[in-house]
Amino acid sequence: RSDAEADALWAKLLGQHPDVMAGATKDVQRADLGEKGIFYRVRAGRFADRANADAFCSALKARGTDCLIVSP
């Protein structure tokens, strides 16, 4: 729910999955969900193509970490 929490999550992912996260860039997006409040989405990117994004997401999912591919 905060920029600081987004940074902490990124650091946690880097610590838990250094091999998968190597080369990924952090992109934090602020999302105003009206009555639900402000949230911060942590996104990893940029990938050369969809196949690379799929491989990245599959590796995280295999380790029990949620992953969703979105277009820029």
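Our subject is the structure that appears above.
Residue positions are given per chain, counted from 1 along the sequence in the order it is written. Residues qualify for local features only when their pLDDT is at least 70, as the model is predicted, and side-chain atom pairs are given and counted only at 80 or more; totals for whole chains, interfaces and linings, by contrast, use all residues. To obtain the side-chain values, all non-hydrogen atoms of the structure were included, while hydrogens and water were left out.

### Things to note about the overall build of the chain
Next up, step 1: Along its length, the chain carries three helices and two strands.
Next up, step 2: Traced from its N-terminal end to its C-terminal end, the chain shows the element sequence α-α-β-β-α.
Next up, step 3: Overall size of the chain, expressed as C-alpha extent along the three principal axes, is 35 × 25 × 20 Å.
Next up, step 4: Only protein chains enter the calculation, and the probe is 1.4 Å; a residue is then buried if its accessible area is under 20% of its type maximum, exposed if over 50%, and partly exposed in between. Classification of the 72 residues of the chain by burial places 22% in the buried group.
Next up, step 5: The contact definition used throughout considers only heavy atoms, calling two residues in contact when any of these lie within 4.5 Å. Nonlocal contacts in the chain, meaning residues at least 24 apart in sequence, comprise 39% of its contacts between residues at least 6 apart.
Next up, step 6: Only the protein chains shown count as covering a residue, and every accessible area follows the Shrake-Rupley method with a 1.4 Å probe. Counting only carbon and sulfur atoms, one obtains 51% of the accessible surface of the chain, whose full area is about 5100 Å².
Next up, step 7: His residues and chain termini do not enter the charge count, which takes Lys and Arg as positive and Asp and Glu as negative. A charge is said to be at NZ when it belongs to Lys, at CZ for Arg, at CG for Asp and at CD for Glu. Computed over 11 positive and 10 negative side-chain charges, the separation of the two mean positions in the chain equals 2 Å. What counts as a helix is a DSSP run of H or I of at least four residues, what counts as a strand is a run of E of at least two, and both are numbered from the N terminus.

### Some remarks on the pairing of strand β1 (residues 25-32)
Next up, step 1: At least two bridges found by DSSP between two strands is the condition for calling them paired. The pairing of β1 with strand β2 (residues 38-45) spans eight bridges and is classified as antiparallel. Bridging from a neighbouring strand, Thr25 pairs with Gly45 of β2.

### Structural notes on the packing of aromatic side chains
Next up, step 1: Here a Phe, Tyr or Trp ring, Trp counted by its six-membered ring, pairs with any other such ring whose centre lies within 6.5 Å, and the pair is stacked when the planes are under 30 degrees apart, edge-to-face when over 60, and tilted otherwise. Counted under the stated rule, the structure contains one aromatic pair.
Next up, step 2: Ring geometry for Phe47 against Phe56: centres 5.0 Å apart, planes inclined by 45 degrees, an arrangement best described as tilted.
Next up, step 3: Its relative accessible area of 31% is what places Phe47 among the partly exposed residues.
Next up, step 4: Two conditions define a charge located above a ring, namely a distance within 6 Å from the ring centre to NZ of Lys or CZ of Arg, and an angle within 35 degrees of the ring normal. For Arg1, the ring lying beneath its charged end belongs to Phe39, and the centroid distance is 4.4 Å.

### Digging into the pattern of salt bridges
Next up, step 1: When a carboxyl oxygen of Asp or Glu is within 4 Å of a side-chain nitrogen of Lys or Arg, the pair counts as a salt bridge. In this structure the tally under the stated criterion is three salt bridges.
Next up, step 2: Residue Lys26 is joined to Asp7 by a salt bridge in which the shortest nitrogen-to-oxygen separation is 2.6 Å. Taken as a pair, Lys26 in strand β1 and Asp7 in helix α1 (residues 3-16) lie far apart in primary sequence, 19 residues in all.
Next up, step 3: According to the relative accessible area criterion, Lys26 is partly exposed, its value standing at 40%.
Next up, step 4: Residue Asp7 is classed as partly exposed on the basis of its relative accessible area of 34%.
Next up, step 5: Residue Asp54 is joined to Arg50 by a salt bridge in which the shortest nitrogen-to-oxygen separation is 3.2 Å. Note that Asp54 and Arg50 are positioned in helix α3 (residues 50-62) at a spacing of four residues, about one turn of the helix.

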